[in-house]
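Here's the letter readout for the chains.
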Amino acid sequence: MHIFIIVLLIFLGASWGSFLNVIAYRTSKKESFLKGRSKCVHCHNVLYWYDMIPIFSWIFLRGKCRFCAKPISTRYLLVEIFTGLLFVFGGLLIVDLVEIALYIAVVSFFVVLFIYDAIAFIVPDRIVVPAIIIIFALNLFVAQDIASILLGGLVGGLWFLIQFILSKGRWVGGGDIRIGILMGFLVGYPLIWLSLGIAYIAGSIVAIILIILGRKTFKSRLPFACLLLPAAFATWLWGEAIWQWYMGLIL
Ligand SMILES: [Zn+2]
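Residues numbered from 1 in each chain as written. Predicted model: local features only at pLDDT ≥ 70, side-chain atom pairs only at ≥ 80, totals over all residues. Heavy atoms only, no water.

A short note on the overall build of the protein
Per the secondary structure count, the protein includes 9 helices and 0 strands. Taken from the N to the C terminus, the helices and strands of the protein come in the order α-α-α-α-α-α-α-α-α. The C-alpha radius of gyration of the protein comes to 19 Å, within 12% of the 18 Å expected for a compact globule of 251 residues. In terms of its C-alpha atoms, the protein occupies a principal-axis envelope of roughly 60 × 45 × 35 Å. Among the 251 residues that make up the protein, the fraction classed as buried is 39%. Here the contacts in the protein between residues at least 6 apart in sequence split such that 68% fall between residues at least 24 apart. Carbon and sulfur atoms make up 72% of the accessible area of the protein, which amounts to about 14500 Å² in all. (Helix = DSSP H or I, 4+ residues; strand = E, 2+ residues; numbered from the N terminus. Rg over C-alpha atoms; globule rule 2.2 N^0.38 Å. Buried < 20%, exposed > 50% of the residue type's maximum accessible area, 1.4 Å probe, protein only. Contact = heavy atoms within 4.5 Å. Areas by Shrake-Rupley, 256 points an atom, 1.4 Å probe, with all protein chains shown as cover.)

Here it is in structure tokens:
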């Protein structure tokens, strides 16, 4: 890929990431994300346009508000860089137009849901429901296997619904059921099992590390969508290869 295209994709992705950050933050505060200028969350001064250039502004301001010098969360910088890299990654991977639409939808919804769960421990309906519908519809064109997609969504949803009923909502929340459906619609069947497996293994490793570091106890909650979504994303891209490797191991 030409260096110019890479730089362009990083900038496009970072700008998009900056927008996704605003959506996640404002929906979590029950504000409209279309109306209103961007403000400092501490002093509420309206930001200049040149303080909103993705990646560069944060670095130039050294992560502090121009007006009140209070810190601007590194979350902004990280999400912008990460979304920029995801765009470059998508550019290397994808040629087909419908695939590009699906890829952008997946990246956008997953990043917003990830931020949201990480900061508020909630999977908001007004983001996850459109995500389920749009990703299902686009994937019908990309994966072209209705049975696999439907069965994937069914297994993903039931997996959490059964736990929800058994535990009377103590182990998992209603949001996890929706995330399960979303994962299944993306990766299909049988790969939904693989994505759940990856999420649980990753979750155990993260939990053990946090407990060892003394950051969490056995009773602490983890933002579960933050594990499920990356697991589904990895499975979507590399699931077939991982599945075959795994089958080769046990057979
Ligand atoms: Zn400020």
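Quick word on the environment of glycine 152
Along the chain, the position of glycine 152 falls in helix α6 (residues 146-166). In the structure, glycine 152 is positioned 28 residues away from glycine 180 in sequence and 8.9 Å away in space, judged by C-alpha atoms. Those residues within four positions of glycine 152 in sequence are excluded, and the remaining contacts are Gly184, Phe185, Gly188, Tyr189 and Ile192.

Some words on helix α7 (residues 174-187)
With 14 residues, α7 ought to run about 20 Å at 1.5 Å a step, and its terminal C-alpha atoms sit 21 Å apart, in line with that. Along α7, 11 of the 14 residues are buried, which leaves the element largely enclosed by surrounding structure. Within the span of α7, buried status applies to Gly175, Asp176, Ile177, Ile179, Gly180, Leu182, Met183, Gly184, Phe185, Leu186 and Val187. Looking at the packing, one finds that the buried side of α7 touches α4 (97-120), α5 (125-142), α6, α8 (191-212) and α9 (225-250). In the segment just after α7, glycine 188 is the residue with positive phi, at about 75°. (Expected span 1.5 Å × (residues − 1).)

Some words on the coordination of the zinc ion
Cys40 (SG), Cys43 (SG), Cys65 (SG) and Cys68 (SG) make up the full set of protein donors to the zinc ion, lying at 2.2 to 2.3 Å. In this structure, the zinc ion is coordinated by 4 donor atoms arranged in tetrahedral fashion, with angles at the metal of 106 to 116°. In terms of primary sequence, the donors binding the zinc ion are separated according to C-x2-C-x21-C-x2-C. Here cysteine 43, found in the loop between α1 (3-28) and α2 (56-60), pairs with cysteine 68, found in the loop between α2 and α3 (74-93); they are 25 residues apart in sequence, far enough to count as distant. Residue cysteine 68 is classed as partly exposed on the basis of its relative accessible area of 27%. (Donors = N, O, S within 2.8 Å, 3.2 Å for Na, K, Ca; no water. Tetrahedral: all angles 85-135°; square planar, octahedral: opposite > 155°, others 65-115°.)

Focus: the nonpolar core
Counting 52 residues, the largest nonpolar core has Phe110, Leu113, Ile135, Ile179, Leu182 and Leu228 as the members making the most contacts within it. Put simply, the parts of the chain that give this core at least two residues each are α1, α3, α4, α5, α6, α7, α8 and α9. By residue number, the principal contributor to this core is α4, which donates 12 residues. Those residues within four positions of leucine 113 in sequence are excluded, and the remaining contacts are Val123, Pro124, Ile127, Val128, Ile179, Leu182 and Leu229. (Core = buried A, V, L, I, M, F, W, Y, C linked by side-chain atoms within 4.5 Å.)

Focus: a nonpolar patch on the surface
On the surface, Leu151, Leu154, Leu158, Trp159, Leu161, Ile162, Ile165, Leu166, Trp171, Tyr189, Trp193 and Tyr200 cluster together into a nonpolar patch covering about 1200 Å² of accessible area. Only α6 and α8 provide two or more residues apiece to the nonpolar patch. Counting residues per element, the nonpolar patch draws most heavily on α6, at 8 residues. For leucine 166, the location among the structural elements is in helix α6. (Patch = residues over 30% accessible without salt bridge, like charges linked within 9 Å, V, L, I, M, F, W, Y side chains within 5 Å. Salt bridge = Lys/Arg side-chain N within 4 Å of Asp/Glu carboxyl O.)

Details of the packing of α6 against α8
For the pair α6 and α8, the least separation of the axes is 9 Å and the interaxial angle reads 45°. If you check the angle between α6 and α8, you find them oblique. Contacts between α6 and α8 involve Gly152, Val155, Gly156, Trp159, Phe160 and Gln163 from the first element and Ile192, Trp193, Leu196 and Tyr200 from the second. Its residues placed into classes, the contact of α6 with α8 shows 7 nonpolar, 3 polar and no charged. (Axes fitted to C-alpha atoms, helices over the stretch in contact; angles between N-to-C directions. Parallel < 35°, antiparallel > 145°, perpendicular 65-115°, else oblique. Nonpolar A, V, L, I, M, F, W, Y, C, P; charged D, E, K, R; others polar.)

Considering the side chain of serine 195
Residue position: serine 195 is located in helix α8. We classify serine 195 as buried; its relative accessible area is 0%. Residue contacts for serine 195: discarding those within four places in its chain leaves Met183, Val187, Ala231, Ala232 and Thr235.

Some thoughts on the domain arrangement of the protein
Split into domains, the protein comes out as domain 1 (1-93) and domain 2 (96-251). Inter-centroid distance (C-alpha atoms) of domain 1 to domain 2 is 25 Å. Between domain 1 and domain 2, the residue contacts involve 17 residues of the former and 14 residues of the latter. With both sides pooled, the region where domain 1 packs onto domain 2 buries about 1400 Å², and carbon together with sulfur makes up 79% of that total. Looking at the side of domain 1 facing domain 2, the largest losses of area belong to Leu20, Thr27 and Leu86, adding up to 31% of the total buried there. Here domain 1 and domain 2 share 0 salt bridges between them. Between domain 1 and domain 2 we count 5 residue pairs in polar contact (both at pLDDT 80 or more) in total. (Domains from an automatic or database assignment. Buried area = accessible area lost by both parts, 1.4 Å probe. Polar contact = N/O pair within 3.5 Å; in protein donor to acceptor, adjacent residues only side chain to side chain.)

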